[in-house]
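# Summary of the model geometry
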Amino acid sequence: HIYCWADSTNDGWGRRVRYKAHVREPTKMPGVEDATFVAVGKRSTCIINRSGSVTCTGAIIMPPETNLPAGDPTFVTIEGVDDAVALSVGQHHGCLMDRSGRVQCFGNNRAGQLGDGTTKRSLAVARTVDGLGAASAVSVADERSCATIGDGELHCWGDHDGRNFASGGFPKVHRTPEIVPDLRAKRLIAFDNTTCALTTDNELRCFGEYPDNPDGAAKAHIPRIMALPEPEKLRTLNQGVFFCGLW
């Protein structure tokens, strides 16, 4: 079973609630009985089921201009998925990885964040990312997707403003993966418009619209190295409105 709670105008179930309404207590999500993994984005929730299928509710399965409905959430099965083992969800799109390392993405696609060479949305049908080898991890931000392959080589695609990749000179829309140079990642995390990679050298490198970027958002495409205490002892790391790590 999955229980959700929230403190916002969208209650985490992918439905609209009254302004400043709160779901303070964990509340069972109806219609979910066979989940093995849950991924939560800004206004979306997706689940990997025991069969390897993926089901989603919220903004991720709706056009961006559509208001979230009131009432209980309605889950939609993402077509073309039957072997998912990893899943990451942003505000309007998500990406998954199957047992072979294939990465598929679905949802809205105005910045090319589905990685299929187009900007056409695919709300409930997963599309295979073009030109990407077998991945070991996948992570998505609002309009950007990233995956690691091989020894941690980082590939990213999407992002309409072009600022959030690790070097300048990219076009505004990346419809297929681009290598982030000089970076090997062993863990990826993302939230809002920020993507962070814990490198094989135990450095935390972040790029995107992080709020304390000292050079301003216009230069946020340069990966900022964030100091960590005893990085070699870091066990887990996660990011929301702020970072938390377990040593």
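In this report, we go over the structure that sits alongside the text. (Residues numbered from 1 in each chain as written. Predicted model: local features only at pLDDT ≥ 70, side-chain atom pairs only at ≥ 80, totals over all residues. Heavy atoms only, no water.)

Helices and strands together make up the secondary structure of the protein, namely 0 helices and 19 strands. Out of the 247 residues in the protein, the part that is buried amounts to 48%. In the protein, the proportion of contacts linking residues at least 24 apart, taken out of those at least 6 apart, comes to 45%. Entry remark: accessible area of the protein is about 11,900 Å², with carbon and sulfur atoms responsible for 50%. (Helix = DSSP H or I, 4+ residues; strand = E, 2+ residues; numbered from the N terminus. Buried < 20%, exposed > 50% of the residue type's maximum accessible area, 1.4 Å probe, protein only. Contact = heavy atoms within 4.5 Å. Areas by Shrake-Rupley, 256 points an atom, 1.4 Å probe, with all protein chains shown as cover.)

Moving on: the sheet that holds strand 4 (residues 44–49). With antiparallel pairing, the 4 strands of this open sheet are ordered in space as 3-4-5-6. The open sheet has two free edges, formed respectively by strand 3 (35–40) and strand 6 (76–77), since each of these has just one partner strand. Bridge analysis of strand 4 against strand 5 (residues 54–58) gives 5 bridges, and the strand direction is antiparallel. Paired with Cys46 across the two strands is Cys56, which belongs to strand 5. (Pairing = 2+ DSSP bridges.)

Turning our eyes to something else, we now look at the environment of Thr27. With respect to the helices and strands, Thr27 occurs in strand 2 (residues 22–28). Since its relative accessible area comes to 30%, Thr27 is described here as partly exposed. Taking the C-alpha atoms as reference points, Thr27 and Ile2, separated by 25 residues in sequence, lie 8.2 Å from one another.

Of all the 6 residues making up strand 8 (residues 93–98), 6 are buried; the element is thus mostly covered by neighbouring parts of the structure. Side chains His93, Cys95 and Met97 of strand 8 all project onto a buried face; the interleaved residues Gly94, Leu96 and Asp98 project onto the opposite face, where all are buried too. One ladder, built from 5 bridges, connects strand 7 (residues 84–89) with strand 8; its direction is antiparallel. What sits directly across from Ala84, in strand 8, is Asp98. Between strand 7 and strand 8, which pair antiparallel in sequence order, lie 3 residues. Alignment of strand 8 against strand 9 (residues 103–107), held across 5 bridges, turns out to be antiparallel. Paired with Met97 across the two strands is Val103, which belongs to strand 9. In sequence, strand 8 turns back onto strand 9 through a hairpin of 4 residues, with Gly101 there showing a positive phi of about 95 degrees.

Another point: the state of the cysteines. In this structure the tally under the stated criterion is 3 disulfides. Here Cys95 pairs with Cys105 through a disulfide, and the sulfurs are 2.1 Å apart. Linking Cys95 and Cys105, the disulfide has an S-S dihedral of approximately 100 degrees and is accordingly described as right-handed. Of the two residues, Cys95 sits in strand 8 while Cys105 sits in strand 9, which places them 10 residues apart along the sequence. The buried category is assigned to Cys105, whose relative accessible area is 0%. The disulfide partner of Cys146 is Cys156, and the S-S distance across this bridge is 2.1 Å. Handedness here is read from the sign of the S-S torsion; for Cys146 and Cys156, about 105 degrees, the answer is right-handed. (Disulfide = S-S within 2.5 Å.)

Before going further, it helps to examine the pattern of salt bridges. Here the structure, examined in full by the defined rule, presents 9 salt bridges. Glu143 is the partner of Arg110 in a salt bridge, and the nearest nitrogen-oxygen pair spans 2.5 Å. With Arg110 in the loop between strand 9 and strand 10 (122–128) and Glu143 in the loop between strand 11 (135–140) and strand 12 (144–149), this residue pair connects regions lying 33 residues apart in the sequence. Here Arg110 falls in the exposed class, since its relative accessible area comes to 58%. Owing to a relative accessible area of 16%, Glu143 belongs among the buried residues under this scheme. In the salt-bridge network here, residues are joined through shared partners; they are Asp151, Glu153 and Arg184. (Salt bridge = Lys/Arg side-chain N within 4 Å of Asp/Glu carboxyl O.)

For the rest of this paragraph, the subject is unusual backbone geometry. The phi angle at Asp182 is positive, at roughly 60 degrees, despite the residue not being glycine. Inspection of the secondary structure assignment puts Asp182 in strand 14 (residues 174–191). You can call Asp182 exposed: its relative accessible area is 73%.

Note that all results are geometric; they support no functional claim without further evidence.
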